[in-house]
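Commentary on secondary and tertiary structure
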Amino acid sequence: DTGVSQDPRHKITKRGQNVTFRCDPISEHNRLYWYRQTLGQGPEFLTYFQNEAQLEKSRLLSDRFSAERPKGSFSTLEIQRTEQGDSAMYLCASTSGLRSRLSEAFFGQGTRLTVV
Amino acid sequence: AQSVTQLGSHVSVSEGALVLLRCNYSSSVPPYLFWYVQYPNQGLQLLLKYTTGATLVKGINGFEAEFKKSETSFHLTKPSAHMSDAAEYFCAVSESSGTYKYIFGTGTRLKVLA
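Here's what I pulled together on the structure shown here. (Residues numbered from 1 in each chain as written. Chains lettered and ligands numbered in written order. Predicted model: local features only at pLDDT ≥ 70, side-chain atom pairs only at ≥ 80, totals over all residues. Heavy atoms only, no water.)

Moving on, we get to the nonpolar core. In terms of nonpolar packing, the biggest core is built from 26 residues, with Trp35, Leu48, Leu76 and Tyr89 of chain B touching the most fellow members. Of all the secondary structure elements, the ones that give two or more residues to this core are β2 (10–14), β3 (19–21), β5 (33–38), β6 (44–50), β8 (64–68), β9 (73–78), β10 (87–94) and β12 (108–113) of chain B. When residues of this core are assigned to their parent elements, the largest contribution, 4 residues, is made by β10 of chain B. When near neighbours in sequence (up to four residues on either side) are disregarded, Leu48 of chain B contacts Leu33, Phe34, Trp35, Val57, Lys58, Gly59, Phe63, Glu64, Ala65, Phe74 and Leu76 of chain B. Counting 19 residues, the second-largest nonpolar core is a separate cluster that includes Val19, Leu46, Ala88 and Tyr90 of chain A. (Core = buried A, V, L, I, M, F, W, Y, C linked by side-chain atoms within 4.5 Å. Buried < 20%, exposed > 50% of the residue type's maximum accessible area, 1.4 Å probe, protein only. Helix = DSSP H or I, 4+ residues; strand = E, 2+ residues; numbered from the N terminus. Contact = heavy atoms within 4.5 Å.)

See the structure below:
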């Protein structure tokens, strides 16, 4: 297994367009997280899935954002009507359900979104 | 609520010198602490973690960190800096229940001078 994969690595879009990002976690990991990282900041939590269930969403996740994890495998994060403030690196992470809190998160390479 | 503070957004050291990156945390329960490194336009790579047990934790690439409960600190050190250590370093604490999501500090950018 090659780790957490994210696609695309870079996305440039015009303001008002919709974008969708994909995350493929490590295959046996049932916990999946999305984070957003803006320039000069640490990653901030967006949302969390346990298997296919979305169990927590941050206040950062406005109603223009939606995330899914069908069948508990890959996940998608969609942003509708993008705004310049959405420009950021979007990071996906996964952890094993075993020993829950003890398990460290494995991060993907991220998707860098630029809204022009 | 848990939080992490990283003192010094930028740290410069000479090659071969000691690296010290500071991290202080706030947590009402025993914390689980992590240090991650991020190279430009890359994701985060785990350097080391503290969960329970030994308070001096050794990680990859010669880094180590010591958990000091009395000082609520988890500073990252490396005896001798290498040029390849230049990167951004993030300290994080994991939530104690529920999602176990991470709360990150704002990061410290390490520059290594030749």
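What follows picks up the thread again.
Once that is clear, we can look at the state of the cysteines. All names here are of chain A. Taken as a whole and judged by the stated rule, the model has 2 disulfides over all chains. The disulfide partner of Cys23 is Cys92, and the S-S distance across this bridge is 1.9 Å. A torsion of -70° about the S-S bond marks the disulfide between Cys23 and Cys92 as left-handed. Residue Cys23 is located in strand β3 (residues 19–24), and its partner Cys92 is located in strand β9 (residues 88–95); the two are separated by 69 residues in the primary sequence. By relative accessible area, which is 0% here, Cys92 ends up buried. (Disulfide = S-S within 2.5 Å.)

What follows deals with the packing of aromatic side chains. What characterises a pair of aromatic rings is the spacing of the ring centres plus the angle enclosed by the ring planes. The tally for this structure, following the rule as stated, stands at 18 aromatic pairs over all chains. For the pair Tyr35 of chain A and Phe45 of chain A, a centre-to-centre distance of 6.1 Å together with 75° between the ring planes defines the contact as edge-to-face. Residue Tyr35 of chain A is located in strand β4 (residues 31–37), and its partner Phe45 of chain A is located in strand β5 (residues 44–50); the two are separated by 10 residues in the primary sequence. Residue class for Tyr35 of chain A comes out buried when judged on its relative accessible area of 1%. A centroid spacing of 5.5 Å and a plane angle of 45° characterise the contact between Phe63 of chain B and Tyr89 of chain B, whose relative ring orientation is tilted. Within this pair, whereas Phe63 of chain B is found in the loop between β7 (56–58) and β8, its partner Tyr89 of chain B is found in strand β10, the two being separated by 26 residues in sequence. (Phe/Tyr/Trp six-rings, centres within 6.5 Å; stacked < 30°, edge-to-face > 60°.)

Here we come to unusual backbone geometry. Here the bond from Asp7 of chain A into Pro8 of chain A is cis, since omega is -5°, no more than 30 degrees from zero. Its location among the elements puts Pro8 of chain A in the loop between β1 (5–7) and β2 (10–13). Despite not being glycine, Asn41 of chain B has its phi angle at roughly 55°, a positive value. On the basis of relative accessibility, which here comes to 40%, the residue Asn41 of chain B falls in the partly exposed class.

The subject of this paragraph is the side chain of Glu88 of chain B. Residue and element names in this part refer to chain B. On the secondary structure map, Glu88 appears in strand β10. Residue class for Glu88 comes out buried when judged on its relative accessible area of 10%. Within the structure, the side chain of Glu88 is placed 2.8 Å from the side chain of Arg109, a separation counted as a polar contact. Those residues within four positions of Glu88 in sequence are excluded, and the remaining contacts are Tyr36, Val37, Gln38, Thr106, Gly107, Thr108 and Arg109. (Polar contact = N/O pair within 3.5 Å; in protein donor to acceptor, adjacent residues only side chain to side chain.)

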